Amino acid sequence: MDPSLSIIMANMAHAREGTLMYDPFAGTGSLLICCSHFGAYTVGTDISPPVLRGAEAGKNVMTNMDQYGLKDRLAGLICLDTSRTNLIRRPLFDAIVCDPPYGVRAGARKVGKKETSSDFVAPTHLFGDGVRIPQCVAYSVSEMLADLLTLAGQILVMHGRLVFWLPTTYEFKDSDIPQHACFELVGNSEQPISTVWARRLITMEKVKPYDPSYKVIVTEANPAHTNFAKKVFHDPMRRDDGDVGLRDLDELRAQAKHERQQQWVEARRQKLKMKKKLFRGDREAAVSSPSPTPEHETTPMSTCSPPV
């Protein structure tokens, strides 16, 4: 996350002394650092253990916080899937600040069971006996936003804020923003990214206590963030099937491979068809054109006498 954008998000979340901030998609901790800089205590979670541990020894979220002298402001880092956890389900945090994954660099993931494979059994010498690494399945933008608003309604205190980025194309309408009875919209700002897509910084404030009967509502039938990765990259392996959720990646890979094979076969067929057409045209042209004049019947060129 760009530092200036992190500062803007921290300001929109009202990060200050005595507040508790939460980032459910912590990554390398850029938002945690910024909120801690303004005096808030922070908690971060992420579904990816390698991201939290860091790619290299001594380079992770904790060392990043320590570098800025903010290690004492980090209340905790937890590896979990926020769509399935029951670790926190009561009003506790003053704000949620996050940049959810939406399929630009990589598709979002959540814990889920694949039909075609089983869980990975962790090495015994690392984790002990019987430890299994849960599988992850694709996580659509629509599902992720619905889970995020539901989670925020449960764990934010009254007048707490939810600040997040919403990916969208330039076909965006205000009705694309998901709605929840607990929240009212207080901020909606656009950041252009390219000629094809942008993202919007959405800020919501909790104005009503959470009730399990409250559901996330999107009034727009086909919001701009639906099938977002496919719209931007035309990539079938990142396709979002809306309410049905993302298809299994194995199925998408097989479908993409089949489509590539069909495209290759069709291109080969067209190439052979063109060759036959050209060959047939050359033969017809050879039959219809007059025979060339034999070499011995050509008019001889006049010769010039050598200069005297």
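Residues numbered from 1 in each chain as written. Predicted model: local features only at pLDDT ≥ 70, side-chain atom pairs only at ≥ 80, totals over all residues. Heavy atoms only, no water.

## Section: the pattern of salt bridges
Let me state the cut-off plainly: Any Lys or Arg side-chain nitrogen located within 4 Å of an Asp or Glu carboxyl oxygen qualifies as a salt bridge. Under the scheme used here, helices are H or I runs from DSSP no shorter than 4 residues and strands are E runs no shorter than 2 residues, and both carry numbers assigned from the N terminus.
One pass over the structure, following the stated rule, counts 7 salt bridges. Notably, a salt bridge pairs Arg199 with Asp99, separated by 3.7 Å at the nearest N-O pair. Here Arg199, found in strand β11 (residues 197-206), pairs with Asp99, found in the loop between β4 (93-98) and β5 (109-111); they are 100 residues apart in sequence, far enough to count as distant. A salt bridge links Arg161 to Glu205; the shortest N-O distance between them is 3.5 Å.

## A short note on the sheet that holds strand β3 (residues 74-79)
Note the threshold: The rule for pairing is simple: two strands pair if DSSP sees at least two bridges between them. Axis definition: a line fitted to C-alpha atoms, over the contacting stretch in the case of helices. Angles run 0 to 180 degrees between N-to-C directions. Note on contacts: a residue pair is in contact if any heavy atoms of the two residues lie within 4.5 Å.
Strand order across the open sheet formed by 7 strands is β3-β2-β1-β4-β9-β11-β10, with mixed pairing between neighbours. Across the chains shown, the open sheet's two edge strands, defined by having one partner strand only, are β3 and β10 (183-192). Neighbour-to-neighbour, the strand axes of this sheet turn through a mean angle of 15°, independent of strand direction. Where strand β2 (residues 41-46) meets β3, 5 bridges bridge the pair, whose relative direction is parallel. Bridged to Gly44 within β3 is Leu77. Lying on the sheet, helix α1 (residues 3-12) is in contact with β4, β9 (156-169), β10 and β11; it crosses β9 at an angle near 145°. Helix α6 (residues 141-155) rests against β1 (20-23), β4, β9, β10 and β11 of the sheet, and its axis sits at about 170° to β9.

## Re α1
Cut-off, in case you're wondering: The buried label goes to any residue with under 20% of its type's maximum accessible area, the exposed label to any with over 50%, and the partly exposed label to all in between, with areas taken from a 1.4 Å probe on protein chains only. Arc definition: directions from the helix axis to the C-beta atoms.
The complete set of buried residues in α1 reads Leu5, Ser6, Met9 and Ala10. The buried residues of α1 occupy one face: seen down the axis, they fall within an arc of 140°. Where α1 is buried, its residues contact α2 (30-37), β4, β9, β10 and β11. Among the residues trailing α1, His14 stands out with phi positive, at a value near 60°.

## Quick notes on the nonpolar core
This is how it is decided: Think of a nonpolar core as a cluster: buried Ala, Val, Leu, Ile, Met, Phe, Trp, Tyr and Cys residues, connected wherever their side-chain atoms sit within 4.5 Å.
The biggest cluster of nonpolar side chains holds 32 residues, and the ones touching the most others in it are Tyr22, Ile96, Leu162 and Phe164. Among the elements of the structure, β1, β4, α6, β9, β11 and α7 (228-233) are those that each provide at least two residues to this core. In terms of residues, this core owes the most to one element, α6, which gives 8 residues. Beyond its immediate sequence surroundings of up to four residues, Leu162 is in contact with Ile96, Leu148, Leu149, Ala152, Leu156, Phe183, Ile202, Thr203 and Met204. Of all hydrophobic cores here, the second largest spans 15 residues; its members include Leu5, Met9, Ala13 and Val97.

Purely geometric stuff here, so don't read any function into it on its own.
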